[in-house]
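# Structural description and commentary
In case you want the letters, here they are:
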Amino acid sequence: MSCEDCFFRVNLLCALDLTEPCATFRPHEAQLQPPQQMRLVFRQERRSRAAWAFPSAQEQAALHA
Ligand code: SF4
């Protein structure tokens, strides 16, 4: 592992003049590609009951009666 193998040095993105690789060393072969994201899967079934709902008209009427 040396700065000559670092993505930043190879792509002329490093402005540091250090004698040994720093903490941001990334191997040139990695190409700094982000990890693959998880796939978004839509559920087929719907929730039968919402966690919260407006009160019904009857409940509102009873509340203000
Ligand atoms: S970023 Fe760090 S490890 Fe990479 S070339 Fe620059 S000094 Fe070296």
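Before any of the text, the structure's been laid out above.
Given the structure is predicted, the values throughout are model-derived calculations rather than measurements.

### Quick word on the overall build of the protein
For the protein, the count of helices and strands is two helices and zero strands. For the protein, the proportion of its 65 residues judged to be buried stands at 2%.

### A look at the site of the ligand
The environment of the ligand is made up of Cys-3, Cys-6, Phe-8, Arg-9, Cys-14, Leu-16, Leu-18, Pro-21, Cys-22, Thr-24 and Phe-25. Considered class by class, the residues forming the shell around the ligand number nine nonpolar, one polar and one charged.

### Structural notes on the environment of Thr-19
Mapped onto the fold, Thr-19 is located in the loop between helix H1 (7-10) and helix H2 (57-63). Residue Thr-19 is classed as exposed on the basis of its 5 C-beta neighbours within 10 Å.

### Topic: unusual backbone geometry
Phi angles above zero are rare outside glycine, and Leu-12 is one such case at about 55°. Here Leu-12 lies in the loop between H1 and H2.

What counts as what
Residues numbered from 1 in each chain as written. Predicted model: local features only at pLDDT ≥ 70, side-chain atom pairs only at ≥ 80, totals over all residues. Helix = DSSP H or I, 4+ residues; strand = E, 2+ residues; numbered from the N terminus. Buried ≥ 20, exposed ≤ 12 C-beta atoms within 10 Å, placed from the backbone. Near = placed C-beta within 6 Å. Nonpolar A, V, L, I, M, F, W, Y, C, P; charged D, E, K, R; others polar.

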